[in-house]
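Commentary on secondary and tertiary structure
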Amino acid sequence: MTGKKRVAFHTLGCKVNTYETDAMEQMMREGGYEIVPFQEGADVYIINTCSVTNMADHKSRQMLHRARKMNPAAVVVAVGCYVQADPAKAMEDTGADLIIGNNKKKDIVAILDAYLDGKRREAVIDIGETREYEELELSTVVDHTRAYIKVQDGCNQFCSYCIIPYTRGRIRSRKAERVKAEVARLAQSGIKEVVLTGIHLSSYGKDMGVDDGLLQLIQLIHGISGIERIRLGSLEPRIITEEFAQALGSMPKICPHFHLSLQSGCDAVLKRMNRHYTTGEYLRRCGILRTVFSNPAITTDVIVGFPGETQEEFLETKAFLEAVNFFEMHIFKYSPRKGTRAAAMDGQIPEHIKTDRSSQLLQLEREQSLRYRESFLGNEMTILLENRVRLGDAFYMVGHSREYVKAAWPLRPGEDEAAWSNRLVTARASGMIKDDIVLLHRP
């Protein structure tokens, strides 16, 4: 490679993708490339794609075409799940110059260098056959308060609506000592909160023959000096046992914020989805968390309009969501994904019905979320302050509580935000500035 080429990244999809993009940016910079914004003027555009739904596929294609328009002479690179699902189609449909599948992101500098030397256009492996965890790591992060740490890849669940086991492969765990070293390094750079993420985080360690691998990893990270908070990514409800919850509850750095994947509040629909629990089991796991932790934040995902979902089944789901009383719910309209069993099921739901059901659950989500935030009024909250925002005529430092409730700390006129950024403050919640922001009382 001659000259210092300018590289622009764009990320679609999950937090795992975000972590991997950050790691690729770091490697490209170390490899002699210049990282520039995703806009006109780059020599290379790298899109880290998503393929979780048909809409994700569409957005991936859209961004690749947009990159080509911004600079027709640039090298356009498609990376990740969209590529992995169907490499030939990804190349044909997007006109990408180079495609790189999962578990090859660690080699991106060498692959791009080889392409620029005219050697190859494709780097995609059979992801279903590999048992190797792809080692990527970060030494710094853009967000100087919170870092997402990828510790696991792959999924063995094969939910009937999901393509991810085919694009990410079987479960693979990162070695604990590598995780510990990365977290320790980030702590030294000033990071106070880490979020453990993975494609199926609850499976961490199982490929190594360790049933409680995730708990052991959390305990290891808990001992790292400088880390004040540990937050967990999405969990399968079955991991929440009394023993697991009690162990978490004994560690003061653990944030009582649990995202338990649900998808439906109807047992018949859960069975069609190939989810491996019942609503009764799910509710019991929520009860365990609420026994061990005081007012924990429990969040979830819900799919409406799954094939065959009757009005009665939808109402059963809605009633279940009301009974659990979540902090936040991410509501998705079912989208058939080619290559999954659900896409070929009978009883596909018309779009207007899915839209109506989604609207009902979104309204319920707004009501429950506001009620949960208001439950903190009058009580003390500890907030990790992150960035300055203007709300109305005043400026505030905004951050999150241990439950991930957003709160605002008033700044005095002329006060420098740098004096407060990345600090933990404890204050009484005195009111609401907006429906999603709690106001802190500053003495």
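Below is a short write-up of the structure.

As for the side chain of arginine 172
Mapped onto the fold, arginine 172 is located in strand β8 (residues 172–173). At 3.0 Å, the side chain of arginine 172 forms a polar contact with the side chain of asparagine 103. Engagement of the side chain of arginine 172 in a polar contact is seen with the backbone oxygen of glutamate 132, the distance being 2.9 Å. Those residues within four positions of arginine 172 in sequence are excluded, and the remaining contacts are Asn103, Ile127, Thr130, Arg131, Glu132, Tyr133, Gln152, Asp153, Gly154 and Asp207.

Description of the nonpolar core
Nonpolar side chains in soluble globular proteins tend to be buried together. Within the largest apolar cluster, 64 residues are counted, with the highest numbers of intra-cluster contacts made by Ile149, Tyr161, Leu196, Ile221, Leu235 and Leu248. Ranked by the residues each element gives to this core, the list is headed by helix α8 (residues 213–222), at five residues. Excluding anything up to four places from it in sequence, isoleucine 149 contacts Tyr19, Arg174, Val179, Glu182, Val183, Leu186, Val194, Val195, Leu196 and Thr197. Of all hydrophobic cores here, the second largest spans 22 residues; its members include Val36, Tyr45, Val76 and Ala96.

Observations concerning the pattern of salt bridges
This structure, assessed with the given rule, holds 31 salt bridges. Residue lysine 89 is joined to aspartate 93 by a salt bridge in which the shortest nitrogen-to-oxygen separation is 2.9 Å. With lysine 89 and aspartate 93 both in helix α4 (residues 87–94), this residue pair falls four residues apart, about one helical turn. In this structure, glutamate 328 engages arginine 373 in a salt bridge whose closest nitrogen and oxygen atoms are separated by 3.1 Å. A residue pair is termed long-range when its members are at least 10 positions apart, and glutamate 328 in strand β13 (residues 328–333) and arginine 373 in helix α13 (residues 351–374) qualify at 45 residues. Take glutamate 328: its relative accessible area is 21%, and that puts it in the partly exposed class. The buried category is assigned to arginine 373, whose relative accessible area is 7%.

Quick word on the pairing of strand β18 (residues 437–440)
Direction of pairing for strand β16 (residues 406–410) relative to β18: parallel, over a ladder of two bridges. Counterpart to alanine 408 in the pairing with β18 is leucine 439. One ladder, built from four bridges, connects strand β17 (residues 424–434) with β18; its direction is antiparallel. If you follow alanine 429 over to β18, its bridge partner there is leucine 440. Taking the residues that link successive antiparallel strands as the turn, the β17-β18 hairpin has two residues.

Rules and cut-offs
Residues numbered from 1 in each chain as written. Predicted model: local features only at pLDDT ≥ 70, side-chain atom pairs only at ≥ 80, totals over all residues. Heavy atoms only, no water. Helix = DSSP H or I, 4+ residues; strand = E, 2+ residues; numbered from the N terminus. Polar contact = N/O pair within 3.5 Å; in protein donor to acceptor, adjacent residues only side chain to side chain. Contact = heavy atoms within 4.5 Å. Core = buried A, V, L, I, M, F, W, Y, C linked by side-chain atoms within 4.5 Å. Buried < 20%, exposed > 50% of the residue type's maximum accessible area, 1.4 Å probe, protein only. Salt bridge = Lys/Arg side-chain N within 4 Å of Asp/Glu carboxyl O. Pairing = 2+ DSSP bridges.

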